[in-house]
Amino acid sequence: MIKRLISAIPNSITCCNLLSGALACIASFHQTEPDLLWGLNGLQLAWLLIAAATVFDFCDGMAARALHAYSAVGKELDSLADLVSFGLAPGMMMFNLLDTHGAPAWAPYLCLFIPVIGAIRLARFNIDTRQTVSFIGLPIPSNAIFWIGYTAWLTGTSSPLNPDGVIAGWPLWLTVALVIGIALMMVSPLPMFSLKFKSMKPKVNAMRYFIIGAAMGLVSIFGVQGLALAIVLYILLSVIEWLRAS
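This is a predicted model, so every value here is computed, not measured. Position labels on residues start from 1 in each chain and follow its written sequence. Per-residue local features of the predicted model are confined to residues with pLDDT of at least 70, and side-chain atom pairs are confined, for both listing and counting, to 80 or more; whole-chain, interface and lining totals are unaffected and use all residues. Note that water and hydrogens are dropped before the side-chain values are worked out from all heavy atoms of the structure.

## Digging into a nonpolar patch on the surface
- A cluster of nonpolar residues, Leu36, Leu37, Trp38 and Leu48, forms a patch on the protein surface that exposes about 400 Å² of accessible area.
- What counts as a helix is a DSSP run of H or I of at least four residues, what counts as a strand is a run of E of at least two, and both are numbered from the N terminus. Take leucine 37: it is sitting in the loop between α1 (2–28) and α2 (42–67). Residues enter patches when their relative accessible area tops 30% and they take part in no salt bridge; the joining distance is 9 Å for like charges and 5 Å for the nonpolar side chains Val, Leu, Ile, Met, Phe, Trp and Tyr. Surface accessibility follows the Shrake-Rupley procedure with a 1.4 Å probe radius. Residue values consider only the protein chains on display as shielding. In the sections that follow, a salt bridge refers to a side-chain nitrogen of Lys or Arg positioned within 4 Å of a carboxyl oxygen of Asp or Glu.

Now the structure itself:
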């Protein structure tokens, strides 16, 4: 009985990831409502819930390793939870943001490209034995983090570069290009280093420490918007590393 309870801990954490993602989807439909919860509007609450899902996604794997509680069900459940939290939730954030700010009728539906490509990425990941210590293509949690930052840029939340918070100030073609481009990055052949630590040795994790430090610096300067810049930096560093290795 105790062994069964212990083996259920990682899957329970994964379910918290899934629940956070589902709640983020709901919150995204109320993003213009002020003080929805804890003084946050719906969009900000969706950010917080996706961030919580990211923490749960990190913790379920750590718990599985610590408790030696790996299972085929856990692996599939993790992918299903990630699709909701890091594919559907950011897609719904973008859908509702464009829909409520007067974008052309077709534009919000383009954002469904994000969860569709996310599903393809996760399906490939589950059967690809090459992605055990590194990634091929943009990890789906990084995709979600980018969209948190980008929606913050669009709404001008605490941005020193966009203090008026007018979404109309951003050309639609840029958003369309990013929706397609970032989504396709998830299924691109670009090798990308994993941000998960297998040990704490500085020499082995130099690039990980650098990107985490840079992300903290970008967020301290730009606020939530800095998350989008951190993911762009992550992609650029991966491209540079790939070119060096070629």
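## Details of the pattern of salt bridges
- Evaluation of the coordinates by the stated rule reveals one salt bridge.
- Among the ionic pairs, glutamate 241 bridges to arginine 244, the shortest N-O distance being 3.7 Å. Of this pair, glutamate 241 and arginine 244 are both found in helix α9 (residues 226–245), three residues apart, which corresponds to roughly one turn of the helix.
- Taking relative accessible area as the criterion, arginine 244 reaches 67% and is therefore assigned exposed. Working definition: with a 1.4 Å probe on protein chains only, accessible area under 20% of the residue-type maximum means buried, over 50% means exposed, and in between means partly exposed.

## Description of the packing of aromatic side chains
- A pair of Phe, Tyr and Trp rings is counted when the ring centres sit within 6.5 Å of each other, with Trp represented by its six-membered ring. The angle between the planes then sorts it: under 30 degrees is stacked, over 60 is edge-to-face, the rest tilted. The final tally for this structure, using the stated rule, is six aromatic pairs.
- Arranged with centres 6.1 Å apart and planes meeting at 45°, the rings of phenylalanine 125 and phenylalanine 135 form a pair that is tilted. Separated by ten residues along the polypeptide, phenylalanine 125 in helix α5 (residues 113–127) and phenylalanine 135 in strand β1 (residues 134–136) bring together distant segments of the chain.
- Given the relative accessible area of 13%, phenylalanine 135 is considered buried.
- Between phenylalanine 146 and tryptophan 147, the ring centres sit 4.9 Å apart and the planes meet at 85°, which makes this aromatic pair edge-to-face. Of the two residues, phenylalanine 146 and tryptophan 147, neither departs from the other in class, the shared state being buried.
- Through pairs of rings, three or more aromatic residues link up here, namely Phe146, Trp147 and Tyr150.

## Things to note about helix α8 (residues 206–222)
- For a helix, the expected span equals 1.5 Å multiplied by the residue count minus one. Between its terminal C-alpha atoms α8 stretches 24 Å, which fits the 24 Å expected from 17 residues at 1.5 Å a residue.
- Taken together, the buried positions of α8 are Arg208, Ile211, Ala214, Ala215, Leu218 and Phe222. For α8, the angular spread of buried residues about the axis comes to 130°, placing them on one side. Structural note: α8 exposes Met216, Ser220 and Ile221 on the side pointing more than 90 degrees away from its buried face.
- Of the surrounding secondary structure, the elements contacted by the buried residues of α8 are α6 (140–155), β2 (191–193) and α9.
- Following α8 by one or two positions, glycine 223 has its phi on the positive side, about 80°. Working definition: the arc comes from the directions between the helix axis and the C-beta atoms, pointing outward to the latter. A contact between two residues is defined here by any heavy atoms of the two lying within 4.5 Å.

## A short note on the nonpolar core
- As used in this record, nonpolar core signifies buried Ala, Val, Leu, Ile, Met, Phe, Trp, Tyr and Cys residues forming a set joined through side-chain atoms within 4.5 Å. Counting residues in hydrophobic clusters, the biggest one holds 52 residues, and the most contacted among them are Ile50, Met93, Met94, Leu138, Trp147 and Ile235.
- Considering every element that reaches this core, the biggest residue donor is α6, with nine residues.
- Residues contacting methionine 93, with those up to four places away along its chain left out, are Ser28, Gln31, Leu43, Ala46, Trp47, Ile50, Trp147, Ile148 and Thr151.

## Observations concerning the environment of phenylalanine 95
- For phenylalanine 95, the position within the fold is in helix α3 (residues 72–100).
- On the accessibility criterion, phenylalanine 95 (13% relative accessible area) is buried.
- Separated by 13 residues in the primary sequence, phenylalanine 95 and proline 108 have C-alpha atoms spaced 4.4 Å apart.
- Among all residues touching phenylalanine 95, those that are not within four sequence positions of it are Pro108, Tyr109 and Cys111.

## What about the packing of α2 against α6?
- Think of each axis as a best-fit line through the C-alpha atoms, taken over the contacting stretch in the case of a helix, with angles from 0 to 180 degrees between the N-to-C directions. With their axes 11 Å apart at the nearest point, α2 and α6 run at an angle of 160° to one another. Taken together, the axis directions place α2 and α6 in an arrangement best described as roughly antiparallel. Here α2 and α6 pass one another in a crossing that is left-handed. Along its contact with α2, which presents Leu43, Trp47, Ile50 and Asp57, the element α6 presents Pro141, Ala144, Ile148, Thr151, Ala152 and Thr155.
- The residue classification treats Ala, Val, Leu, Ile, Met, Phe, Trp, Tyr, Cys and Pro as nonpolar and Asp, Glu, Lys and Arg as charged. All others, Gly included, are polar. Split by residue class, the contact of α2 with α6 holds seven nonpolar, two polar and one charged. Each angle is binned into one of four classes, with values under 35 degrees roughly parallel, values over 145 roughly antiparallel, values of 65 to 115 roughly perpendicular, and all other values oblique. Two helices that cross are described as forming a left-handed crossing if the nearer one is turned anticlockwise from the farther one by less than a right angle, and a right-handed crossing if clockwise.

## Points about α2
- The terminal C-alpha atoms of α2, which comprises 26 residues, lie 36 Å apart, in line with the 38 Å expected from a rise of 1.5 Å per residue.
- All buried positions along α2 are accounted for by Gly42, Leu43, Leu45, Ala46, Trp47, Leu49, Ile50, Ala53, Asp57, Asp60, Ala63 and Ala64.
- Counted as a polar contact is a pair of N or O atoms within 3.5 Å, where, for protein atoms, one must be capable of donating a hydrogen and the other of accepting one, and residues adjacent in sequence contribute only when both atoms are in side chains. The backbone nitrogen of leucine 43 lies 3.1 Å from a side-chain oxygen of the residue at the head of α2, namely asparagine 41.
- After α2 finishes, the residue histidine 68 shows a positive phi value of roughly 55°.

## Some remarks on the confidence of the model for the protein
- A score from 0 to 100, pLDDT tells how confident the predictor is in each residue. Here the protein averages 85 in pLDDT, and 87% of its residues register 70 or above.
- Segment residues 158–166: pLDDT under 50, and 16 contacts once partners within four positions in sequence are set aside and those in other chains are kept.

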